[in-house]
Amino acid sequence: GDSVTQMEGPVTLSEEAFLTINCTYTATGYPSLFWYVQYPGEGLQLLLKATKADDKGSNKGFEATYRKETTSFHLEKGSVQVSDSAVYFCALGGSTLGRLYFGRGTQLTVWP
Amino acid sequence: KAGVTQTPRYLIKTRGQQVTLSCSPISGHRSVSWYQQTPGQGLQFLFEYFSETQRNKGNFPGRFSGRQFSNSRSEMNVSTLELGDSALYLCASSLEPGPPSGNTIYFGEGSWLTVV
């Protein structure tokens, strides 16, 4: 069945450091892939998405490339800021309409 | 454009009681889905509605139910509350029934339920 495996962390970085959060997936067919971010006490916000292989999603300096050959969708940012501190969720939209499959989330803390 | 709106934001209930949570989707969105978020289990899919019909359901007991109205607004109900039902309940909406078509699912702020 459809599933997502995500690096759980927590991840602690200094401001301006490089960020990578690993995400791999298992799915039948051709899923869509998403990264969502959750700030303390809030719901989920869509960060970026990719709907087919080799697509690159990007937003607010974050990027992720849909790699079908490695079934991965790793999140990267070249220079993190304190305001990026949040929980990041990798998600897959697969064979079940209307349903997302989520990873366990990665807590990111950025220190000044 | 208003986002997904959930009410109430916070509530405290006693074991054995029931609770109803409400969700207003983004205008024009016809698909509404619900998720439960807990520290132990993460984000778990409850159910999804499209045009007032439940199309998919997650692995939750029958105490969890929902419905969608003709204006796409949705409610979920949990009866005979247990301590383990304490969680953040997230509602989400999309234009069509979401992935894998590529349609994006947008989430509300959630309803924090505490069962004591």
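Here the structure is shown first, and the text comes after it.
Bear in mind that the values here come from a model prediction, so they are computed numbers and not experimental data.

Engineer: Got a minute to help me understand the sheet that holds strand E7 (residues 56–59) of chain A in this structure?
Structural biologist: Hydrogen bonds along the backbone pair up the strands of a sheet, which may run parallel or antiparallel. Residue and element names in this part refer to chain A. On the basis of which strands lie adjacent, the open sheet formed by four strands has the order E3-E9-E8-E7 and antiparallel pairing. Either end of the sheet is taken by a strand with one partner, and the two such strands are strand E3 (19–21) and E7. In this sheet, adjacent strand axes meet at a mean angle of 15° when their direction is disregarded. In this structure, strand E8 (residues 62–65) lies alongside strand E9 (residues 75–77), joined through three bridges in antiparallel fashion. Note on E9: the bridge partner recorded for alanine 64 is leucine 75.

Engineer: Explain the packing of aromatic side chains here, please?
Structural biologist: By convention here, two paired aromatic rings are described through the distance between centres and the angle between planes. One pass over the structure, following the stated rule, counts twelve aromatic pairs over all chains. Between the aromatic rings of phenylalanine 62 of chain A and tyrosine 88 of chain A, the centroid separation amounts to 5.6 Å while the plane-to-plane angle is 40°, which identifies the pairing as tilted. Here tyrosine 88 of chain A lies in strand E10 (residues 86–93) and phenylalanine 62 of chain A lies in strand E8, a separation of 26 residues in the sequence. Given the relative accessible area of 3%, phenylalanine 62 of chain A is considered buried. Three or more aromatic residues link up through ring pairs in this structure, and these residues are Phe34, Tyr36, Phe89 and Phe102 of chain A together with Tyr35, Phe45 and Phe107 of chain B.

Engineer: What is the right way to look at the state of the cysteines in this model?
Structural biologist: Linking two cysteines covalently via their sulfur atoms produces the bond known as a disulfide. All names here are of chain A. For the structure shown, the criterion picks out two disulfides over all chains. A sulfur-sulfur separation of 1.9 Å characterises the disulfide bridge that pairs cysteine 23 with cysteine 90. Sign of the S-S torsion, about -65° for the bond between cysteine 23 and cysteine 90, identifies this disulfide as left-handed. Of this pair, cysteine 23 sits in strand E4 (residues 23–26) while cysteine 90 sits in strand E10, and the two are 67 residues apart along the sequence. Of the residues examined, cysteine 23 reaches a relative accessible area of 0% and is grouped as buried.

Engineer: Teacher, can you tell me more about the sheet that holds strand E1 (residues 5–7) of chain B here?
Structural biologist: Residue and element names in this part refer to chain B. Reading across the sheet, the four strands line up as E1-E3-E8-E7 and stay open at both edges, with antiparallel pairing between neighbours. Unpaired on one side and paired on the other, E1 and strand E7 (64–68) mark the two borders of the sheet. Pairwise comparison of adjacent strand axes, ignoring direction, gives a mean angle of 20° for this sheet. Sheet topology places E7 next to strand E8 (residues 74–78); five bridges connect them, and they run antiparallel. Each residue of the ladder has a partner; that of glycine 66, found in E8, is methionine 76.

Engineer: What am I meant to see in the pattern of salt bridges here?
Structural biologist: Close approach of charged atoms lets side chains of opposite charge pair. Taken as a whole, this structure holds seven salt bridges over all chains when the rule is applied. Residue lysine 77 of chain A is joined to aspartate 84 of chain A by a salt bridge in which the shortest nitrogen-to-oxygen separation is 2.7 Å. For the pair formed by lysine 77 of chain A and aspartate 84 of chain A, the shared burial category is buried. Among the salt bridges present, the one from arginine 63 of chain B reaches glutamate 82 of chain B, with a minimum N-O distance of 3.6 Å. On the criterion of sequence distance, the pair formed by arginine 63 of chain B in the loop between strand E6 (53–57) and E7 and glutamate 82 of chain B in the loop between E8 and strand E9 (87–94) is long-range, its members being 19 residues apart. In this structure, a network of salt bridges that share partners links the residues Arg63, Glu82 and Asp85 of chain B.

Engineer: What is the right way to read the pairing of E7 of chain A from this model?
Structural biologist: Two faces make up the sheet, and in a regular strand the side chains alternate between them. Residue and element names in this part refer to chain A. Sheet topology note: the E7/E8 ladder contains four bridges and is antiparallel. Directly across from serine 58, in E8, lies its bridge partner glutamate 63. The hairpin turn running from E7 into E8, its antiparallel successor, is two residues long, and lysine 60 in that turn takes a positive phi close to 55°.

Cut-off values and rules
- Residues numbered from 1 in each chain as written.
- Chains lettered and ligands numbered in written order.
- Predicted model: local features only at pLDDT ≥ 70, side-chain atom pairs only at ≥ 80, totals over all residues.
- Heavy atoms only, no water.
- Pairing = 2+ DSSP bridges.
- Helix = DSSP H or I, 4+ residues; strand = E, 2+ residues; numbered from the N terminus.
- Axes fitted to C-alpha atoms, helices over the stretch in contact; angles between N-to-C directions.
- Phe/Tyr/Trp six-rings, centres within 6.5 Å; stacked < 30°, edge-to-face > 60°.
- Buried < 20%, exposed > 50% of the residue type's maximum accessible area, 1.4 Å probe, protein only.
- Disulfide = S-S within 2.5 Å.
- Salt bridge = Lys/Arg side-chain N within 4 Å of Asp/Glu carboxyl O.

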